[in-house]
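This is what each chain is made of:
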Amino acid sequence: MELTTCLTSRRQNNGLHTEPSNGSWAMVAQPLGPGEPRRYPAKSMLAIASSRWTELRTGYGDASKFPSLLATLRDADIETAVDCASNLCDACHDWSTYDATYAVTPHLVQLCSERRPADEIRIRLLSMTGWFTACLRLNQTPGDSDLIQWHTECLPQAALLASESLPYTAASRDAPPILQTRSLCAAFAAFHDDYSLAFILYELDAGGTKCPACNAFFDPYRSSLNPFYNPSDGG
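Read on for an overview of the structure. Computed from a prediction, not measured in an experiment: that's the story for all the values here.

1. Structural notes on the nonpolar core
- Counting 53 residues, the largest nonpolar core has Phe 66, Leu 88 and Leu 108 as its most contacted members.
- At the level of elements, helix H1 (66-73), helix H2 (78-88), helix H3 (99-113), helix H4 (120-139), helix H5 (145-165), helix H6 (181-191) and helix H7 (195-202) are the ones that each hand at least two residues to this core.
- The greatest single-element share of this core, amounting to nine residues, is contributed by H4.
- If we ignore the near neighbours within four places in the chain, the residues touching Leu 108 are Leu 70, Leu 73, Leu 88, Leu 125, Met 128, Thr 129 and Phe 132.

Put into structure tokens, the structure is as follows:
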């Protein structure tokens, strides 16, 4: 049976779900509206001015630089945003996650809600936040209960934002991976707590054989996350 992903919406602004269609699965993406900036209310999160940032851990020490990075991101251009996002990746270094990862995700989701669905910065930040979320789930990272709660509460909103932005992602494999459709689909899966699917989508470029004509994979990609890949026979 051919398996792809089916994303549909039964009620506007009520999230997306999966359902079968004629015994197989088809890709359907329905935007949830024009996505006017600031139309989502702010969720609870660690205050930018809180002294707790200096107590939170990242892959390179404490999170004391995160408040200024988040503040800069609010009105950043693409070059500045990419630089800030690179520094915020200290929250998820080599798949490792920390208590600061829980603290930063609600801020990233709120920043995304203030940008329109087609905004490149929003798409990049959503893809990155999805990766953070999947790694947090995989690692079962410990953290203060309020940080974990605020992170969990922001995920439904993140899923809505991802579904709005999905039609504006790039289907072409020539685009940067973080702007590709599959990257945002991976984030969407992570926001719905399907971290296994999220990792498979994020890691599709881990290997495999590509068709020279269309550049698509036709052999199983080489990853332990791929249930069809058998290292003993190479496929």
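2. Side note on the side chain of Thr 97
- Tracing the chain through its elements places Thr 97 in strand E4 (residues 96-97).
- Only 2.8 Å separates the side chain of Thr 97 from the side chain of Asn 139, close enough to count as a polar contact.
- Within the structure, Thr 97 has its side chain in polar contact with the side chain of Thr 141 (distance 2.5 Å).
- Thr 97 has contacts with Ala 91, Cys 92, Phe 132, Cys 135, Leu 136, Asn 139 and Thr 141, leaving out every residue within four places of it along the chain.

3. Considerations on the packing of aromatic side chains
- Summed over the entire model, instances satisfying the criterion amount to six aromatic pairs.
- Seen in terms of ring centroids, Trp 95 and Phe 199 are 4.9 Å apart; in terms of plane orientation they differ by 15°. Their pairing is stacked. Of this pair, Trp 95 sits in the loop between strand E3 (92-93) and E4 while Phe 199 sits in helix H7, and the two are 104 residues apart along the sequence.
- Linked through ring pairs, Trp 95, Trp 131, Tyr 195, Phe 199 and Tyr 202 together constitute an aromatic cluster.

4. What to know about the pattern of salt bridges
- Evaluation of the coordinates by the stated rule reveals eight salt bridges.
- The shortest N-O distance in the salt bridge between Asp 144 and Arg 52 comes to 2.9 Å. Within this pair, whereas Asp 144 is found in the loop between H4 and H5, its partner Arg 52 is found in the segment before strand E1 (57-58), the two being separated by 92 residues in sequence.
- One network of salt bridges, in which partners are shared, links Arg 52, Asp 144 and Asp 146.

5. Focus: the packing of H5 against H6
- It is at 9 Å that the axes of H5 and H6 come closest, and there the two elements cross at 155°. The pairing of H5 with H6 is recorded here as roughly antiparallel in orientation. The chirality of how H5 crosses H6 is left-handed. In contact with Leu 155, Ala 158, Ala 159, Ala 162, Ser 163 and Ser 165 of H5, H6 contributes Leu 184, Phe 188 and Phe 191.
- Split into classes, the residues belonging to the contact of H5 with H6 amount to seven nonpolar, two polar and no charged.

6. Quick notes on the side chain of Ser 127
- Take Ser 127: it is sitting in helix H4.
- When neighbours within four sequence positions are excluded, Ser 127 is seen to be in contact with Ile 178, Ser 183, Leu 184, Ala 187 and Tyr 202.

7. Examining unusual backbone geometry
- You will see that Trp 95, though not glycine, has its phi angle at about 75°, which is positive.
- Non-glycine residue Asp 193 carries a positive phi angle of around 70°.
- Note that Asp 193 resides in the loop between H6 and H7.
- Take Asp 193: its relative accessible area is 46%, and that puts it in the partly exposed class.

8. Focus: H1
- Residues of H1 that are buried: Phe 66, Pro 67, Leu 69, Leu 70 and Leu 73. For H1, the buried positions fall inside an angular range of 165° around the axis, keeping them on one side.
- The elements touched by buried residues of H1 are E1, H2, H3 and H4.

9. Topic: the environment of Leu 184
- Tracing the chain through its elements places Leu 184 in helix H6.
- Expressed as a C-alpha distance, the spacing of Leu 184 and Thr 169, which sit 15 residues apart in the sequence, is 7.7 Å.
- Look past the residues within four positions of Leu 184 in its chain and what remains in contact with it is Ile 123, Leu 126, Ser 127, Ala 162, Ser 165, Leu 166 and Thr 169.

So, how was this worked out
Residues numbered from 1 in each chain as written. Predicted model: local features only at pLDDT ≥ 70, side-chain atom pairs only at ≥ 80, totals over all residues. Heavy atoms only, no water. Core = buried A, V, L, I, M, F, W, Y, C linked by side-chain atoms within 4.5 Å. Buried < 20%, exposed > 50% of the residue type's maximum accessible area, 1.4 Å probe, protein only. Helix = DSSP H or I, 4+ residues; strand = E, 2+ residues; numbered from the N terminus. Contact = heavy atoms within 4.5 Å. Polar contact = N/O pair within 3.5 Å; in protein donor to acceptor, adjacent residues only side chain to side chain. Phe/Tyr/Trp six-rings, centres within 6.5 Å; stacked < 30°, edge-to-face > 60°. Salt bridge = Lys/Arg side-chain N within 4 Å of Asp/Glu carboxyl O. Axes fitted to C-alpha atoms, helices over the stretch in contact; angles between N-to-C directions. Parallel < 35°, antiparallel > 145°, perpendicular 65-115°, else oblique. Left-handed = near helix turned anticlockwise from the far one by under 90°. Nonpolar A, V, L, I, M, F, W, Y, C, P; charged D, E, K, R; others polar. Arc of directions from axis to C-beta.

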